[in-house]
Amino acid sequence: MESQSTILYELVCCAEWIQEKEEAIQFPSISTCTSGVFSYVNPTAFFRNKPLSPSETAVWINSLGPPWQYAVTSDGKIIAVLQDTILETRSSKDNFVSVLGKSHVPKDEFPNFRKMAWSKDSSLLAVSFTNGLIVVFDIMASQMCSVRRFETVIPSEGPKIPFSIDYSLAGMFFVDERLKKTPYCSEVISVDRRGCVKSFRQTSTDEMEFHHEASFKQYYPSEVTDVQYSESHKIILVAGNLIQDSNSQVPNWRHGITAWRLLLDSPYYRILFAVDGENFKMDAKRLWKIAFMLTSSTSLEHESILKMSFSPNGNQMAAIHVSGAISIWQLPSLKLIFIWPLKSLFQYNVSNPRFNCKWRNFFNQSQTRPMDPLIFHPYDVNWWSDESIIVSRVNGCLTLIPVCDCPSKNLLGDSPELFESAVRTSPRYEKNFFALESEIRYKGDSSENYTVVEANLRGSWVKNLTQEALFWVTDMERFRPPRKNKKKLPTWIQSYRIFTVRNITPQELFYRKIEQEEYGEAIDLAKIYKLDADLVYQRQWTKTPVSVHSIKDFLAKITKRNWVLRECLDRVPDTIDAARELLQFGLKGTDLTVAVLISQGKDKGKFILWAPDDLDIAKEEYLSLVDVNNAEVIRLLRYRKRFLHFIDMLNTYELIVGGPRVVEENYNSKSYGALRSRNTVESAIEMARSCDTNGLKILLTNHWNDISLHYMDIISSFPETWSPHDYKDFLPEINENENVVLWPDVESKDMDWCEAFLLKADTSFNQTYAENSEVTREEVYVWYYRRIQEIESLSGIINYALDLGLLGLERNVLELQSLVHDLQTLETLVYEVQIENMTLGKLKVLSYLERIQLLLSKSTDESFVSDFRYYVLPFVSNCEDNEEGSSYTLLNEYMTSLCSSDLSLVLKIFEASKRSDFDPLIPDLKDLMLLAHNCIYKCENFEQTENVMAILGCLPERGFEKKSPSMENLHHLIDNLEVHFSTVQLLQKYFVHLTVESIKQVSRNEDKASIEDFLVNICRSASRMHPPLKINDWKILLYDILELRKKLFNKFEMERSFEIYVTGLLKSGSSEIIKLAKNFLEKSPSANDSNLSQKSRNISEYSASFSLYLHIIPYEQGLDMIIDSAQMYFDSSSNYSDPDMELCKICLNLVENPKEPRVAFMFDLMDAVKLMNKDFRLNILPHAVRICEDKMNLIHQAIQKSKGGYKKIQQLLKLVLFLHIEGMSMEEAESIVLEMAGNTAMLNGDMKLGIQICHTIMAREYPTGWAIFTNLAKFQSDTPIMDADTNSSFINYALLICPDSEILTVLNVKYLIEIDSLESRLQDLTPSDSSALDAIKLRIKRLRTLYTTN
């Protein structure tokens, strides 16, 4: 066992709790911990000059540890931490960092004496308190149940009875239930310090009940210090002050250890091994012996055991004795194997400078000489393995001792592990065990935190006691003790930590030392265990700022070539000297000789700062030795290329920041790192974005080969919000030879030897040195065009976009002319007109007309001319430059768009374009006249007469300019315009509102129907005027119509003009005007000779001035016009009393021949309407009567819908006569009317009228109405309406005129009538044979039934 080697371990803090509180310093009072009357400084012990008793020592040692407790499950997966008032559980899944469960527990007066125990299956946790309470929790720290070992007595009055640690437990553990009566197998056995045993059995998931109790007090009358249960041997080991004979030679008895076996029934526990009961019999002699031993503290009692712990295999037990000795026992025989006194233990008296126990600190401060005999005493013991134990001491030292005869080695190393206080340890689980420490320190200056108790301790205890006694007896002021100056209570910061001491491998410890920055120890471990020392230097290098010294001290000692080269490339020093040195250092490691060694396989991957030059050959031969196909060689070449690039960038950066003189002051590692880490093109783009023109010029000059392909993209990166004049030196231009000039040529640099190899080996690298493709003129124009659009769209600053366009024009990019014109228009719109949200994209979508409208959108009547001059004319001029002839087109389009409703704005333009003005708006006379012509024709507002006259007045007269055919044509157009305009004025008298354009179109139209519609429209409008036109006005209308025909429609027939005029007279709606039409109509068909026509003119009501124009319309044509007008009035009437009906009559009376068929027909229609309206009360429109095709339907309506209409036979016959029913004679119509009236009378039950109608039909022999005859013949009533002869004649006439299909029906009716007649005759007779009469009646009844059914 002595050959065991030192283990490697690491100490990891799993959890830490920090508490801050204010309290007075209170020393632990043994009087509160024991049942005796001894104070903290025992007077008897003081006078006897003896050490503390074993019981006091045990209590004192236990109170020195952390007041918190913890317990670990058997598999080490869950740990429960019992704090002051909180219970926490934590899991090993996250290395016990997070809390698995938490619960509150009652506060204990003596927290150091609480106990914790896990069940065998780790599902339950029992926690005991010094007041006798035992609480059971689950794995989530949720309380399951609680039991009490004894009842607490709290008096109703008086002070509360304090508890003592005598009731605290010496041991508590779970065992399998011995009886197996319930499905729950947990039993909790608890043993207090007095030796009282109580067992509780689980009865359900949340309930436990008392099972039994026993006592070990017979064997341990003084105190039980520890109780442990051995699961492997099923025995209970009890340690304490075992009272026995002094000559006992049994080791376990001598040291106070007994073993007990569990029984199923009372007394439930039996001591193992043969024990003489007489030795423990309590007689008088025995009691005196016990009392003497308690007061004398014999040496055997100093050998009693305080703490026991079982080995992992359960066959050994380690124990701590009161004297400080540690013993090893064999189980279950309790054979003593080893016992090591305190002073024989290895490193037992090593001091701990970190030890800061609060009680011991202040106790030592109160003495002139520290009194601490127990500071090296073992506090806790556990097993690391079956061959070594874990020992923690009161002063916070932790050692790992091998189990051997004379342990002289600490397996943890040369020195113990030091903690802040005595630590509670646990057995080893897998590779680690747990340790709980408590750190207590002041907050602030400790010299100001002494309390009253401390002041008392500094003085003489006897003197103070005597002075207090004298003052109490004499009550004299001279004996009054000094007043206690109350000071503020000190603030304590108490920290609790749980550590895991884990066994690790050398590699793990090596990495741990590196993480903890213990580099010296890490290098020693690397030397001892032959580990990679480069890791230490790498960590030192990464943790140290780069300097010349750090390069020599750390980086130069690293042997890994690729790692060193990457560090040289990746790290950016804080000073330029260090940066240059680091790059040069890395560049040396990529020398040609290194490439040769790599090609020959002699490098072994190590960083070689310089290679031995022992080949003595030329450089060209060196180059031939380089293996380009070797991947490591290619990697080295790429590293070298990057070093060269970084050195070039460092030189460039030096120029950018101001040159060598100020580079040290202006050097910035971040900016330099960003410059070199980015691609050269990216750096140039970034400079352009940050408006660093000086840096960009330096970059272009030194690195043109890398940038030239992306030059256009770089200058596109200048901010859109930056004026193009500030970077105009970078803008491309086209010289006189039509060549594109980007940037002055720069001499290329000499290639390094590595670049030649890379050109051969790497095709992607070849692209860097590809020849620059020439930029064409088209590409330059596209760039300007796109960049201008970007500036305008992204920034909205139109001035900058326009400036760039003008600069492009200055540089001979003439294709930008159109875009510049658009920008100028946009500038005017945004800055002068102040149009919001207007962009170049929106402007391009707009037509030229819409642009002009926007330019003048905010103009007022007063500013219209000036705005037109300064906004529109420049725009039109630009358009003229782009496209010839567009000036007039745009002006015409815009001005005509203004004229649709109002000519006032256009009039301002023409007034400002007069020849008398110094600077006319429209200087060209041709354009002026055409624009005036088009504007007037475009106007649709008939109320613009004054404006039209004013516009015409602005035009030049004939002879003002030089004669030319084109001007003559223009004057001719203006003349036509004046004619058309005068026509519009003429038509306005009759409220005919037509535009000049519409007059123009009508005059050009040769369609006769269109002209007729035009003239008819005039006559109709005149007839609808209010107030109505008088006779003279209608005469003037004729003159106007003839004048229009002469000026506009000279090809239109004069006769047709008169017909239209007369039609207007007839349809004027005035009786006087209608009668005026008689002068134009021929009186009769025979009046056709010219003499009669001339005579008609002489007697005309028209004046002599019109006599030449009068035209007599032929009779037939005039008759058609009269009938048409009469029908119009007839159709427009609502009834016979309507005034239009009178106008209809007036029109018809114009015909002197009243027998004219069409005239007579119209009068008959009016009479028919009169009958229907007045006699039959039918509201039928005259128009409906006239157009009705089935006139008999009107007769039917008169009979059906008029009340009593069927009785008005004569009126119905008149109505038939007036309606002129086509295709039907009067007799046929009369028969139909009689039949309809008869049927209606039968429906209404008017039999008398029906009989009259039947007589009329029979008298006139009409073949209609057979149904009426039949119904009257078979009608029966109480009072007959007609005699039998009449009845017979009706049925016979019905049989004569009925259709063939109805003959059988009429015959049945006839037979029924005859049967009725027969019955009546039989009733008048008195037959002699009644039976024969009955037979006849029966026969008649059957016949009636037969004919009735048929």
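Residues numbered from 1 in each chain as written. Predicted model: local features only at pLDDT ≥ 70, side-chain atom pairs only at ≥ 80, totals over all residues. Heavy atoms only, no water.

### Topic: the overall build of the protein
Then, number 1: Summing up its helical and strand segments, the protein has 55 helices and 30 strands in all.
Then, number 2: Among the 1350 residues that make up the protein, the fraction classed as buried is 48%.
Then, number 3: Pairs at least 24 residues apart make up 61% of the contacts formed inside the protein by residues separated by at least 6 positions.
Then, number 4: Element-wise, carbon and sulfur atoms account for 51% of the exposed surface of the protein, whose accessible area totals about 69000 Å². (Helix = DSSP H or I, 4+ residues; strand = E, 2+ residues; numbered from the N terminus. Buried < 20%, exposed > 50% of the residue type's maximum accessible area, 1.4 Å probe, protein only. Contact = heavy atoms within 4.5 Å. Areas by Shrake-Rupley, 256 points an atom, 1.4 Å probe, with all protein chains shown as cover.)

### Focus on the environment of G953
Then, number 1: Here G953 shows up in helix α35 (residues 945–954).
Then, number 2: When its relative accessible area of 58% is taken as the criterion, G953 is described as exposed.

### Some points on the packing of helix α30 (residues 848–855) against helix α31 (residues 864–882)
Then, number 1: Relative orientation of the contacting elements α30 and α31 amounts to 155°, with a least axis distance of 9 Å. Classified by the angle between their axes, α30 and α31 sit roughly antiparallel to one another. Both α30 and α31 take part in a crossing whose hand is right-handed. Between α30 and α31, the residues in contact are Y848, R851, I852 and L855 and Y871, V872, F875, V876 and C879, respectively. (Axes fitted to C-alpha atoms, helices over the stretch in contact; angles between N-to-C directions. Parallel < 35°, antiparallel > 145°, perpendicular 65-115°, else oblique. Left-handed = near helix turned anticlockwise from the far one by under 90°.)

### A look at the packing of helix α45 (residues 1139–1149) against helix α46 (residues 1157–1175)
Then, number 1: In the contact formed by α45 and α46, the axes pass within 10 Å of each other and the chain directions differ by 160°. Here α46 runs roughly antiparallel to α45, going by the angle between their axes. In this structure, α45 meets α46 at a crossing whose hand is left-handed. Taking contact as the criterion, the partners of M1141, C1144, K1145, L1148 and N1149 in α45 are, on α46, V1159, M1162, F1163 and M1166.
Then, number 2: Looking at the contact of α45 with α46, its residues break down into seven nonpolar, one polar and one charged. (Nonpolar A, V, L, I, M, F, W, Y, C, P; charged D, E, K, R; others polar.)

### A look at the sheet that holds strand β17 (residues 269–271)
Then, number 1: The strand order across the open sheet formed by four strands is β14-β15-β16-β17, and the pairing between neighbours is antiparallel. Among the strands making up the open sheet, the edge pair consists of β14 (224–230) and β17. Here the average twist between neighbouring strands, direction ignored, is 30°. (Pairing = 2+ DSSP bridges.)

### Topic: the side chain of T225
Then, number 1: Take T225: it is sitting in strand β14.
Then, number 2: There is a polar contact of 2.5 Å between the side chain of T225 and the backbone oxygen of I305.
Then, number 3: Sequence-distant contacts of T225, defined by excluding residues within four places in its chain, comprise A170, R193, A239, G240, I305 and L306. (Polar contact = N/O pair within 3.5 Å; in protein donor to acceptor, adjacent residues only side chain to side chain.)

### So, the side chain of S103
Then, number 1: Note that S103 resides in strand β5 (residues 99–104).
Then, number 2: At a separation of 3.4 Å, a polar atom in the side chain of S103 contacts the main-chain carbonyl oxygen of A141.
Then, number 3: Residue contacts for S103: discarding those within four places in its chain leaves T85, I86, L87, F137 and A141.

### Focus on unusual backbone geometry
Where the residue is not glycine, phi is negative for most of them; where a peptide bond is considered, it is trans in most cases.
Then, number 1: Look at the link from S266 to P267: it is a cis peptide, with omega at 10°.
Then, number 2: Unlike most non-glycine residues, E738 shows phi in positive territory, near 65°.
Then, number 3: The exposure class of E738 is partly exposed, given its relative accessible area of 46%.
Then, number 4: Positioned with a positive phi, R1177 is a non-glycine residue whose angle comes to about 55°.
Then, number 5: Counting through the fold element by element, R1177 comes out in the loop between α46 and α47 (1182–1187).

### Side note on the pattern of salt bridges
Then, number 1: One pass over the full model with this rule turns up 41 salt bridges.
Then, number 2: The residue E420 makes a salt bridge to R354 at a minimum N-O spacing of 3.4 Å. With E420 in the loop between β25 (417–418) and β26 (424–425) and R354 in the loop between β21 (335–340) and α6 (358–365), the pair connects residues that are 66 residues apart, well separated along the chain.
Then, number 3: By relative accessible area, which is 12% here, E420 ends up buried.
Then, number 4: Residue E790 pairs with R787 through a salt bridge whose shortest N-O separation is 3.0 Å. You can see E790 and its partner R787 sitting in helix α26 (residues 777–795), three residues apart, about one turn around the helix.
Then, number 5: One salt-bridge network, in which partners are shared between bridges, spans E16, E437, E439 and R497. (Salt bridge = Lys/Arg side-chain N within 4 Å of Asp/Glu carboxyl O.)

### Here's the deal with the environment of P67
Then, number 1: Relative to the helices and strands, P67 is located in the loop between α3 (54–63) and β2 (69–72).
Then, number 2: Accessibility expressed as a relative area gives 16% for P67, which makes it buried.
Then, number 3: Considering only alpha carbons, one finds P67 and R114, 47 residues apart in sequence, at a separation of 8.7 Å.
Then, number 4: Beyond its immediate stretch of four places on either side in the chain, P67 contacts P111, N112, R114, Q494 and Y496.

### Things to note about α31
Then, number 1: Compared with the 27 Å implied by 1.5 Å per residue over 19 residues, the 26 Å span of α31 between its first and last C-alpha is a close match.
Then, number 2: At V872, α31 shows its largest bend, some 30°, and a proline, P874, comes one to four positions later.
Then, number 3: Those residues of α31 not exposed but buried are F864, D867, F868, Y871, V872, F875, V876, N878 and C879.
Then, number 4: Buried-residue contacts for α31 involve α28 (817–832), α30, α32 (886–898) and α33 (904–911). (Expected span 1.5 Å × (residues − 1). Bend = angle between axes of the 7 residues up to and from the residue.)

### Quick word on the confidence of the model for the protein
Then, number 1: The pLDDT averaged across the protein works out to 80; a share of 83% of its residues lies at or above 70.
Then, number 2: Here residues 296–302 is a poorly scored stretch, pLDDT under 50, and it has 14 contacts once near neighbours within four places are set aside; other chains count.
Then, number 3: Contacts of residues 362–371 to residues separated by more than four positions or lying in other chains number 16 contacts, the stretch itself having pLDDT below 50. (pLDDT = per-residue confidence, 0-100.)

### Re the packing of aromatic side chains
Then, number 1: Evaluated as defined, the whole model comprises 34 aromatic pairs.
Then, number 2: Geometrically, the ring pair formed by Y848 and F875 is edge-to-face, given 5.8 Å between the ring centres and 75° between the ring planes. You can see Y848 sitting in helix α30 and its partner F875 sitting in helix α31, a full 27 residues away along the chain.
Then, number 3: The buried category is assigned to F875, whose relative accessible area is 4%.
Then, number 4: Between F1058 and F1080, the aromatic rings sit 6.1 Å apart at their centres with planes inclined by 40°, giving tilted as the arrangement. With a gap of 22 residues between them, F1058 in helix α40 (residues 1054–1066) and F1080 in the loop between α41 (1071–1076) and α42 (1090–1098) connect regions that are remote in the sequence. (Phe/Tyr/Trp six-rings, centres within 6.5 Å; stacked < 30°, edge-to-face > 60°.)

### A few points about the environment of V782
Then, number 1: Tracing the sequence through the fold places V782 in helix α26.
Then, number 2: Placed 33 residues apart in sequence, V782 and E815 show a C-alpha to C-alpha distance of 9.5 Å.

### Overview of the nonpolar core
Then, number 1: If you look at the biggest cluster of nonpolar residues, it comprises 259 residues, and the most contacted ones within it are L555 and F910.
Then, number 2: Sorting elements by how many residues they give to this core places helix α17 (residues 631–656) first, with 12 residues.
Then, number 3: Dropping the residues within four chain positions of it, F910 is found in contact with M895, L928, L931, A932, C935, I951 and C954.
Then, number 4: Residues A170, Y219, V227 and L262 belong to the second largest nonpolar core, which totals 22 residues. (Core = buried A, V, L, I, M, F, W, Y, C linked by side-chain atoms within 4.5 Å.)

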